Amino acid sequence: AQSVTQLGSHVSVSEGALVLLRCNYSSSVPPYLFWYVQYPNQGLQLLLKYTTGATLVKGINGFEAEFKKSETSFHLTKPSAHMSDAAEYFCAVTLNEKLTFGTGTRLTIIP
Amino acid sequence: DAGVIQSPRHEVTEMGQEVTLRCKPISGHNSLFWYRQTMMRGLELLIYFNNNVPIDDSGMPEDRFSAKMPNASFSTLKIQPSEPRDSAVYFCASSRGQGGSYGYTFGSGTRLTVV
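Summary of the structure given here. In this text the structure is predicted, and so the values were computed from the model without any measurement. (Residues numbered from 1 in each chain as written. Chains lettered and ligands numbered in written order. Predicted model: local features only at pLDDT ≥ 70, side-chain atom pairs only at ≥ 80, totals over all residues. Heavy atoms only, no water.)

## Some points on the overall build of chain B
Helices and strands together make up the secondary structure of chain B, namely 0 helices and 11 strands. Secondary structure of chain B in N-to-C order comes out as β-β-β-β-β-β-β-β-β-β-β. For chain B, whose C-alpha radius of gyration is 13 Å, the value lies close to the compact-globule estimate of 13 Å for 115 residues. In terms of overall dimensions, chain B has C-alpha extents of about 40 × 30 × 30 Å along its principal axes. Pairs at least 24 apart in sequence give 54% of the contacts found in chain B among residues at least 6 apart. Of the roughly 5,600 Å² that chain B leaves accessible, carbon and sulfur atoms contribute 47%. (Helix = DSSP H or I, 4+ residues; strand = E, 2+ residues; numbered from the N terminus. Rg over C-alpha atoms; globule rule 2.2 N^0.38 Å. Contact = heavy atoms within 4.5 Å. Areas by Shrake-Rupley, 256 points an atom, 1.4 Å probe, with all protein chains shown as cover.)

## Focus on the overall build of chain A
Along chain A, the regular secondary structure elements total 0 helices and 11 strands. Across chain A, helices and strands are ordered from the amino to the carboxyl terminus as β-β-β-β-β-β-β-β-β-β-β. When the backbone C-alpha atoms are referred to their principal axes, chain A occupies close to 40 × 30 × 20 Å. In chain A, which comprises 111 residues, the share counted as buried stands at 44%. Counted over contacts in chain A with a minimum sequence separation of 6, partners at least 24 positions apart contribute 55%. Put simply, chain A shows about 5,300 Å² of open surface, and 53% of that area lies on carbon and sulfur atoms. (Buried < 20%, exposed > 50% of the residue type's maximum accessible area, 1.4 Å probe, protein only.)

## Here we look at the environment of B:Ser27
Topologically, B:Ser27 is positioned in the loop between strand E3 (19–24) and strand E4 (31–38). Linking B:Ser27 and B:Arg96, residues 69 residues apart in sequence, is a C-alpha distance of 9.6 Å.

## Focus: the pairing of strand E3 (residues 19–26) of chain A
All names here are of chain A. Here E3 shows a clear split, with Val-19, Leu-21, Cys-23 and Tyr-25 buried on one side and none of Leu-20, Arg-22, Asn-24 and Ser-26 buried on the other. The sheet contact formed by strand E1 (residues 3–7) and E3 spans 5 bridges and is antiparallel. Pairing of Leu-7 across the sheet is with Arg-22, part of E3. (Pairing = 2+ DSSP bridges.)

## Looking at the interface of chain A and chain B
With 18 residues of chain A at the interface, the matching set in chain B holds 20 residues. Buried surface at the junction of chain A and chain B, summed over both partners, amounts to about 1,500 Å²; 54% is from carbon and sulfur atoms. It is A:Leu44, A:Glu97 and A:Lys98 in chain A that bury the most area against chain B; as a group they hold 34% of the surface buried on that side. Viewed at the interface, chain B and chain A are joined by 0 salt bridges. Counting every contact that joins chain A to chain B gives 6 residue pairs in polar contact (both at pLDDT 80 or more). (Buried area = accessible area lost by both parts, 1.4 Å probe. Salt bridge = Lys/Arg side-chain N within 4 Å of Asp/Glu carboxyl O. Polar contact = N/O pair within 3.5 Å; in protein donor to acceptor, adjacent residues only side chain to side chain.)

## Thoughts on the side chain of A:Asp85
Residues and elements named next belong to chain A. Mapping Asp-85 onto the fold places it in the loop between strand E8 (73–78) and strand E9 (87–95). Residue classification places Asp-85 among the buried positions, given a relative accessible area of 2%. Beyond its immediate stretch of four places on either side in the chain, Asp-85 contacts Phe-63, Lys-78, Ser-80, Leu-107 and Ile-109.

Coordinates in, geometry out; function isn't part of it.
Right under this line is the structure:
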């Protein structure tokens, strides 16, 4: 079985501060891992993904995530938050061709 | 590439009426997924197709829900009869292969309100 857990349903950071959104997964085999972003009244948009190779993955809008097998984690970071980063973020893991999503983390940016 | 196209964007209907949601996947993608998103349940996979064949419909909540994919460029999700608890945002997504390493491309969703 495989699942993904996002710690913190709401995260608030000040503009310019570090963004850290946490994701842990459970999988019996090496996983494919994804981060998606959802802006209000829109669909989910792929931010970045890890499949194989380099464990530090860079995505769009300055986000990156690091796959840490020993910690079963795939946390999402951005060095400096921007107001436009306010959205909901979903971590997802795939196994047997299906994506399973976490419950999401709503990111609020404080001016 | 126009992306995954869903219609309508918004649908308001009365309880008991039939509702049909439509999806056009990205050309060349051979897997298609229907999701439902609510505040209480988050994102739920309802059904997915590969090469137009339903592979897993275990997420379809009950017999009132049905989905078809008559060809590679079109899919429908039908609710008959609709109930207020079906109110949600319904997303369609498509992927190359069966989505394992590619991820999914989502449409903008259909916001369904059943009154």
